[in-house]
Structure formats: C-alpha cells, structure tokens
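Observations on the model geometry
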Amino acid sequence: MSGRRAIEPVPTASTASLIADRLRSAIHSGHFAAGEQLHEVVLAREFGVSRGPLREGMQRLTQEGLLVSIKNRGLFVVELTEADVRDVYLARSAIEHAAAEEIFRTGNPERSGLRLIKIWQDMEKAGQRNDVVAIGHWDVKFHECLVAQAKSPRLSRIHRTLMTETKLCINALGGSYPPPDERVPEHQAIAEAMRDQDRQLFDRLLDAHMDDAIRRLAKVVPPPAR
C-alpha cells in the first residue's frame, strides 16, 4: 500500500442529484409524458440504485413542481392546465428579461448576441431540413444560452425547471405550436437586437415572442397592454 488516503465514498445526496437530473431530462425529452405515473421499483431497477436516493431525487422534482404526489396512488408527472401555461411563460419572461438586464448592465451584449446568432443559424439549418425535433432542440438551447450569459447560477437553475415545464406544454399542446417558418425568424430578430445592443427592441421582441407562445399553447388572449 502506498499510504495514500482512500477516496471518500460518493455521498447519497450526489446520487440523488444525479437521479433528479436524469428524471428531469426524461420528462423534458418526453420519455415520461404528462400525467404518467413513476414507479419506484421499476426506476430503482433501471437506475441500479436503492429506493432511498431515488425517493430523494423524486422529492426534488416534486418540490420543483415537475412531479405531483397523489395520496394512496403515487407520484405522477404534472399535467399542466391552460392557466399553468400562462404562468410558466410569465415566469420565463421574468427570468429571461432579468438575464438580459444583467447582460446589458455588466456583460457584453454584442458577444452574447453573436452566441445567440450561432444557435439561430443551427435552428435555421434544421428549419431548411424541416427537422421539427432539431428545431425544438435549438429553440431550448437558444433560451438557455440567453440566461446563461447573465452568469447567474440561480437564474439558470430556475430557468432549467421552467424550460422542462415548457416542453411539457409543447408535448401536450403540440398541435398549436408555431411552425418553423415563424419560430426561426423570431429567434433571429431577438439575437440581432442583442448583438446590436438595442435593449428596447430586444425587450419588445422577447415580449412578443412570449405572448405569441401563450396565445398558441394556452389558446388565451394576452392581457391588455398597460
């Protein structure tokens, strides 16, 4: 033996975090549909873990609002109502505007805009192929990149949950989701406004983008302008 100190075991909390991340990704991808029940025994076997950390990981998603516990029945993926859709986008708008404010205040909006344009270009290529799945992927990456540029771990953490809820909205009400020829240019305009350091235009475009999503996904009319 070399006398080297043994590596400490991975704490259960880390396992629970990994499980929560895996479950969150599975919900985001549509592997688990809205309203679907999650069975502890099956998941513990699939993950190769004991039920203790699995329960802790599932509890984290319950606290985030992605899972709901129904007495005497178990845990289910949350089913979002039209009111939930509006609330998700209300929260997303607040987070993304806050991120943009931080970028314009302390960051480099031109550099951030160029990063968004790069993602938009990938989205545009997917649109040319009419690859709806890829467009959705780059759509999510676009908004995640926007928030990430603020360099706020808390904004990014909250936004991650909201984007998973957004995906649940889209999966449940996909027939109302805008076609590629509308989504792609909307993201282009938002990215270019950031690149050009035009804060007022950026805010207007982001508001319009969110309001359009609400109208399509929740089939409700946005509140009158104040």
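Each chain carries its own residue numbering, running from 1 in the direction its sequence is written. Where totals are concerned, whole chains, interfaces and linings use all residues; where local detail is concerned, this predicted model gives features only for residues with pLDDT of at least 70, and gives and counts side-chain atom pairs only at 80 or more. Water and hydrogen atoms play no part in the side-chain values, which are based on all heavy atoms of the structure.

A closer look at the environment of Gly 136
Quick reminder of the rule: Helix and strand assignments follow DSSP, with helices taken as H or I runs no shorter than four residues and strands as E runs no shorter than two, numbered in order from the N terminus.
Looking at the secondary structure, you find Gly 136 in helix H6 (residues 132–148). Taking the C-alpha atoms as reference, Gly 136 lies 9.0 Å from Lys 167; in sequence the two are 31 residues apart.

Re the sheet that holds strand E1 (residues 37–38)
Spelled out, the test is: By the convention used here, strands pair only if DSSP detects at least 2 bridges between them. Contacts between residues were defined by any pair of non-hydrogen atoms, one from each residue, lying within 4.5 Å. Whenever a helix is involved, its axis is fitted only over the stretch in contact; in every case the axis is a line through C-alpha atoms, and angles between N-to-C directions fall within 0 to 180 degrees.
Taken in spatial order, the three strands line up as E1-E3-E2 in an open sheet, and their pairing is antiparallel. Lying at the two open borders of the sheet, with one neighbouring strand each, are E1 and strand E2 (67–70). Looking at chain direction, E2 and strand E3 (residues 74–77) are connected through four bridges and run antiparallel. Bridge pairing links Ile 70 to Gly 74 in E3. With respect to the sheet, helix H3 (residues 51–64) is in contact with E1, E2 and E3, its orientation differing from that of E2 by roughly 100 degrees.

Some remarks on H3
Heads up, the condition is: Multiplying 1.5 Å by the residue count of a helix minus one yields the expected span of that helix. Per-residue accessibility, obtained with a 1.4 Å probe over protein chains only, is compared with the maximum for each type, and a residue is labelled buried under 20%, exposed over 50%, and partly exposed between these values. Directions pointing from the helix axis toward each C-beta atom define the arc.
For H3, with 14 residues, the first-to-last C-alpha span of 20 Å sits near the 20 Å given by 1.5 Å per residue. Turning to H3, its buried residues number three or more, namely Pro 53, Leu 54, Gly 57, Met 58 and Leu 61. For H3, the arc enclosing every buried residue in end-on projection is 135 degrees, short of the 170-degree limit, so these residues lie on one face. Residue Gly 65 follows H3 closely and has a positive phi angle near 90 degrees.

Examining the side chain of Ser 93
Mapped onto the secondary structure, Ser 93 falls in helix H4 (residues 82–106). Judged by its relative accessible area of 14%, Ser 93 is buried.

What about the confidence of the model for the protein?
We apply this condition: Known as pLDDT, the predictor's per-residue confidence is scaled from 0 to 100.
Scored by pLDDT, the protein has a mean of 86; 86% of the residues are at 70 or more. Mean pLDDT per element in the protein: helix H1 (residues 12–29) is the minimum at 83, and helix H5 (residues 109–128) is the maximum at 95. Ignoring residues within four places in sequence, the model shows residues 220–226, a span with pLDDT below 50, making nine contacts including any to other chains.

Quick notes on the nonpolar core
The condition is simple: Among the buried residues, those of types Ala, Val, Leu, Ile, Met, Phe, Trp, Tyr and Cys that are joined through side-chain atoms within 4.5 Å form a nonpolar core.
If you look at the biggest cluster of nonpolar residues, it comprises 36 residues, and the most contacted ones within it are Tyr 89, Leu 116, Met 194 and Phe 202. Counting only elements with at least two residues in this core, the list comes to H4, H5, H6, helix H7 (153–172), helix H8 (180–195) and helix H9 (199–218). The next biggest cluster of nonpolar side chains, apart from the first, holds 18 residues, and it includes Ala 20, Ala 26, Ile 27 and Met 58.

Observations concerning the environment of Arg 111
In this structure, Arg 111 sits in helix H5. The exposure class assigned to Arg 111 is partly exposed, which follows from its relative accessible area of 39%. In sequence terms Arg 111 and Gln 197 are 86 residues apart; their C-alpha atoms lie 9.8 Å from each other.

Describing the packing of H4 against H6
Heads up, the rule is: By the definition adopted for this analysis, an angle is roughly parallel if under 35 degrees, roughly antiparallel if over 145, roughly perpendicular if from 65 to 115, and oblique otherwise.
Interaxial distance between H4 and H6 falls to 8 Å at its minimum, and their mutual angle equals 50 degrees. On the basis of their axis angle, the class for H4 and H6 is oblique. Contact residues: Arg 92, Ile 95, Glu 96, Ala 99 and Ile 103 in H4; His 143, Leu 146 and Val 147 in H6.

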